[in-house]
Amino acid sequence: MAGCVTRVELSVSCRSLLDRDLGSRSDPLCVLLQDAGGGQWAELDRTERIKNCQDPEFCKKLVVDYYFEKVQKLKFGVYDIDNKSFDLSDDDYLGGIECTLGQVVSSSVFTRPLELKQGKPAGKGTITISAEEIKDTRVVCLEIEAQNLDKKDFLGKSDPFLEFYKQSNAGTWQLVYRSEVIKNNLNPCWRKFSVPLQTFCAGDFNKPIKVQCADHDSDGSHDLIGAFETNLTQLQNAGGSSPVEFECIHPEKKQKKKSYKNSGIIRVKSCKIETEYSFLDYVMGGCQINFTVGVDFTGSNGDPRSPDSLHYISPDGINEYLIAIWSVGSVVQDYDTDKLFPAFGFGAQVPPSWQVSHEFALNFNPSNPYCQGIQGIVDAYRQILPQIRLYGPTNFSPIINHVARFAAHSAQQGTASQYFILLIITDGEITDLDQTRQAIVNASKLPMSIIIVGVGEADFKAMEFLDGDNGVLRSPTGEPAARDIVQFVPFRQFKNAPREALSQMVLAEVPKQLVSYYKWQGWAPVKPPEIKKM
């Protein structure tokens, strides 16, 4: 992890995209994938979707950790999005490119023709990517409203939205933020937003910023209401009861009419600069990551003595359960100083009473379920297998609630000092789906993440549902999860891939989940980094 030299922000725009929609233009989105080895690609980030646009300039920047010593193969894919699902497999592909992060970073502007597949161009479509190193962790937070905007629509009022541009060193204007559209309103109040300081003005408080207010049209032909130029120094005067006001000027109207005053007033209600912390800031600032393993010992896995059982240990001493423990554990253990990991089984009959247990210590020591290192978990697993009877049902909620109790206790301290990762390895036949949904929604308010690795060839529909990528997971009573904390990965996709491919895919979400929790709580790292002024 120490090898991560820096973070890089990629700005993406496209020209002349293919048209896949009947009667209107495509609604593009760009997704960024990184090669995870063994033919697997892991999604790193995606832009917003822009409606009815063949020449999109995406506002959301794609952020990548840049490792100088690794060849980081990237794939940019542009899709026409016509539905609400997160999955892109049901959307039209408008083309993509493969390149390395090194290529992008070493060219100031990187433009390539889009291809539908190797050697097959996607019409005249091109993609342009420019990279900028993120050196500053501060963000600009703005609250903005407008008054008396010009009416642009024949039948209704205007549908205004804002765009902010910074001036590049070459003098061109680069989009840094696009607000939401407020329908049918000449006195809109946009929701509070934040933009990294570096994105907003490259850390230069006097760099010119152009603000445009436009009337949104669903066919993509937006009408300019007016614009003005400012800089961050001016914007910072806003706050408390004294907003900063700017006249919104339409240049053509100003030229034509002597009596023209303005096309409305834009009021900046507040402008604050705050610090945003990264995963490394928290880890280097003293946050310990506690790793717990839960192993599925239910009957559907098959008799461990039979070679077709998922718990059968092959002559070379491994099975899918062990590989998953090693792959994920070997990465996580570096972030835990005591290297003591609680490990549990569920769904088996255990001696001496042969009652079914849904959270028994792998070392048979309930008062001290800790194993020494990842090797300790592996040894405990091998020793326990011949001593238990695989049974059922497959209940996840007891072990999730077990870890949640520790996470809740830690959260009461009110500091970013402990984060919990629960790895559940299962053949996927879950029995207590409703209780598990409730347990996950409860846990989403705590400093913890859940990783589920599905082994075997079962149908993992329930696991994918818990992952929540296709929408927010809700409890049976309809309460939404406070944040997405579950990552599900089917092991079969990684059978022939290098070991690190599984851990990269499984752990990709954890840094974001950890940061999102502490940000939600408003907790800085225990030892915050010193801010280096540029």
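Residues numbered from 1 in each chain as written. Predicted model: local features only at pLDDT ≥ 70, side-chain atom pairs only at ≥ 80, totals over all residues. Heavy atoms only, no water.

By the naming in an unreviewed UniProt entry, the protein goes by Copine-3 and is assigned to Pampusana beccarii. Regarding the protein, the relevant UniProt record gives this comment under Function (unreviewed entry): "Calcium-dependent phospholipid-binding protein that plays a role in ERBB2-mediated tumor cell migration in response to growth factor heregulin stimulation." Looking at the Sequence similarities (unreviewed entry) heading of the UniProt record, one finds this comment for the protein: "Belongs to the copine family." (UniProt positions renumbered as here; feature names shortened; annotations may be inferred.)

Peer 1: For the overall build of the protein, give the residues involved together with the corresponding values.
Peer 2: In terms of regular secondary structure, the protein is built from twelve helices and 26 strands. For 534 residues, the compact-globule estimate of 2.2 N^0.38 gives 24 Å, and the protein sits close to it at 26 Å. C-alpha extents for the protein along the principal axes are approximately 95 × 55 × 45 Å. When burial is assessed residue by residue, the protein has 52% of its 534 residues classed as buried. A separation of at least 24 residues holds for 70% of the contacts in the protein among residues at least 6 apart in sequence. A total of about 25000 Å² of accessible surface is found on the protein, and carbon and sulfur atoms cover 50% of it. (Helix = DSSP H or I, 4+ residues; strand = E, 2+ residues; numbered from the N terminus. Rg over C-alpha atoms; globule rule 2.2 N^0.38 Å. Buried < 20%, exposed > 50% of the residue type's maximum accessible area, 1.4 Å probe, protein only. Contact = heavy atoms within 4.5 Å. Areas by Shrake-Rupley, 256 points an atom, 1.4 Å probe, with all protein chains shown as cover.)

Peer 1: I'd like a rundown of the nonpolar core, residues and numbers included.
Peer 2: In this structure, Phe 291, Phe 297, Leu 362 and Ile 377 are the most contacted members of the largest nonpolar core, which totals 60 residues. Ranked by size, the runner-up nonpolar core spans 31 residues in total, among them Leu 162, Leu 232, Phe 246 and Cys 271. (Core = buried A, V, L, I, M, F, W, Y, C linked by side-chain atoms within 4.5 Å.)

Peer 1: An account of the UniProt feature "domain: C2" (unreviewed entry) in the protein is needed here, citing residue identities and associated values.
Peer 2: UniProt tags residues 1-114 and 123-246 as "domain: C2" (unreviewed entry). Annotated as 7% helix and 47% strand, the span residues 123-246 places its first and last C-alpha atoms 43 Å apart.

Peer 1: Explain the packing of helix H6 (residues 320-332) against helix H7 (residues 373-384) to me, and be specific about the residues and the numbers.
Peer 2: Interaxial distance between H6 and H7 falls to 10 Å at its minimum, and their mutual angle equals 165 degrees. The orientation of H6 relative to H7 falls into the category roughly antiparallel. Read as a crossing pair, H6 and H7 show a hand that is right-handed. Here H6 contributes Tyr 321, Leu 322, Ile 325, Trp 326, Gly 329 and Ser 330 to the contact with H7, which in turn contributes Ile 374, Gln 375, Ile 377, Val 378, Tyr 381 and Arg 382. (Axes fitted to C-alpha atoms, helices over the stretch in contact; angles between N-to-C directions. Parallel < 35°, antiparallel > 145°, perpendicular 65-115°, else oblique. Left-handed = near helix turned anticlockwise from the far one by under 90°.)

Peer 1: So what's going on with the packing of helix H8 (residues 397-411) against helix H9 (residues 433-443)? Residues and values would help.
Peer 2: It is at 9 Å that the axes of H8 and H9 come closest, and there the two elements cross at 15 degrees. Relative to H9, H8 is oriented roughly parallel. Note on packing geometry: the crossing formed by H8 with H9 is left-handed. Across the interface between the two elements, Ser 397, Ile 400 and Asn 401 from H8 touch Gln 435, Thr 436, Ala 439 and Ile 440 from H9. For the contact of H8 with H9, a count of residues per class yields three nonpolar, four polar and no charged. (Nonpolar A, V, L, I, M, F, W, Y, C, P; charged D, E, K, R; others polar.)

Peer 1: Go over the domain arrangement of the protein, please, and point to the residues and values.
Peer 2: The domain architecture assigned to the protein consists of domain 1 (6-134), domain 2 (138-275) and domain 3 (280-521). Computed from C-alpha atoms alone, the centre-to-centre distance between domain 1 and domain 2 is 27 Å. Residue-level contacts link 14 residues of domain 1 with 14 residues of domain 2. Carbon and sulfur atoms make up 36% of the surface buried where domain 1 meets domain 2, a total of about 1000 Å² over both sides. On the domain 1 side of the contact with domain 2, Glu 57, Cys 59 and Glu 132 bury the most area, a combined 44% of that side's loss. Across the pair Glu 48 and Arg 178 runs a salt bridge, and its minimum N-O distance is 3.2 Å. Where the side of domain 1 that touches domain 2 is concerned, the elements lending two or more residues are strand S1 (4-15) and strand S8 (120-134). If one sorts the elements of the side of domain 1 that touches domain 2 by residue count, S8 sits on top with four residues. Class assignment of the residues belonging to the side of domain 1 that touches domain 2 gives a composition of four nonpolar, three polar and seven charged. (Domains from an automatic or database assignment. Buried area = accessible area lost by both parts, 1.4 Å probe. Salt bridge = Lys/Arg side-chain N within 4 Å of Asp/Glu carboxyl O.)

Peer 1: Before we move on, could you go through the pairing of S8 and cite the residues and values that matter?
Peer 2: Here six bridges tie strand S7 (residues 110-117) to S8, and the two strands are oriented antiparallel to one another. Bridge assignment links Pro 113 to a residue of S8, and that residue is Thr 126. Between S7 and S8, which pair antiparallel and follow one another directly, the connecting turn spans two residues, one of which, Gly 119, has a positive phi of 85 degrees. (Pairing = 2+ DSSP bridges.)

Peer 1: Before we move on, could you go through the side chain of Asp 80 and cite the residues and values that matter?
Peer 2: Counting through the fold element by element, Asp 80 comes out in strand S5 (residues 73-80). Once residues lying within four places of it in the same chain are set aside, the contact partners of Asp 80 are Arg 20, Asp 21, Ser 26, Asp 27, Asp 91, Asp 92 and Leu 94.

Peer 1: Could you give an account of the packing of aromatic side chains, naming the residues involved and the relevant values?
Peer 2: Applying the stated criterion across every chain, the model contains 19 aromatic pairs. When the centroid spacing of 5.7 Å and the interplanar angle of 75 degrees are considered together, the rings of Phe 346 and Phe 396 count as edge-to-face. Here Phe 346, found in strand S18 (residues 340-346), pairs with Phe 396, found in the loop between strand S23 (389-390) and H8; they are 50 residues apart in sequence, far enough to count as distant. Three or more aromatic residues joined by ring pairs form one cluster here, namely Tyr 277, Tyr 282, Tyr 419, Tyr 517, Tyr 518, Trp 520 and Trp 523. For Lys 210, the ring lying beneath its charged end belongs to Tyr 165, and the centroid distance is 5.7 Å. (Phe/Tyr/Trp six-rings, centres within 6.5 Å; stacked < 30°, edge-to-face > 60°. Lys NZ or Arg CZ within 6 Å of the ring centre and 35° of its normal.)

Peer 1: So, the pattern of salt bridges: which residues are in play, and what are the values?
Peer 2: Counting across every chain of the model gives 18 salt bridges. For the salt bridge of Arg 46 with Glu 43, the shortest nitrogen-to-oxygen distance reads 2.8 Å. A cluster of three or more residues bridged by salt bridges with shared partners is formed by Glu 145, Glu 245, Arg 267 and Lys 269.

Peer 1: Please provide a residue-by-residue account of unusual backbone geometry, values included.
Peer 2: Here the bond from Pro 351 into Pro 352 is cis, since omega is 0 degrees, no more than 30 degrees from zero. Within the element layout of this structure, Pro 352 appears in the loop between strand S19 (348-350) and strand S20 (355-357). Phi is positive for Ser 16, which is not a glycine, with a value near 55 degrees. On the secondary structure map, Ser 16 appears in the loop between S1 and strand S2 (28-37).

Peer 1: Can you explain the sheet that holds strand S14 (residues 223-230)? Please cite residues and give values.
Peer 2: In spatial order, the strands read S11-S10-S13-S14; together these four strands make up an open sheet with antiparallel pairing. Two strands close off the open sheet at either side, each with one partner strand: strand S11 (173-178) and S14. Sheet twist, expressed as the mean angle between neighbouring strand axes with direction ignored, is 25 degrees. One ladder, built from seven bridges, connects strand S13 (residues 209-215) with S14; its direction is antiparallel. Paired with Gln 212 across the strands is Ala 227, a residue of S14.

Peer 1: Please give an account of the environment of Gly 96 that cites residues and values.
Peer 2: As for its position among the elements, Gly 96 is in strand S6 (residues 92-100). Placed 20 residues apart in sequence, Gly 96 and Leu 116 show a C-alpha to C-alpha distance of 6.5 Å. Ignoring any residue separated from it by four or fewer positions in sequence, one finds Gly 96 in contact with Phe 76, Gly 77, Leu 114 and Glu 115.

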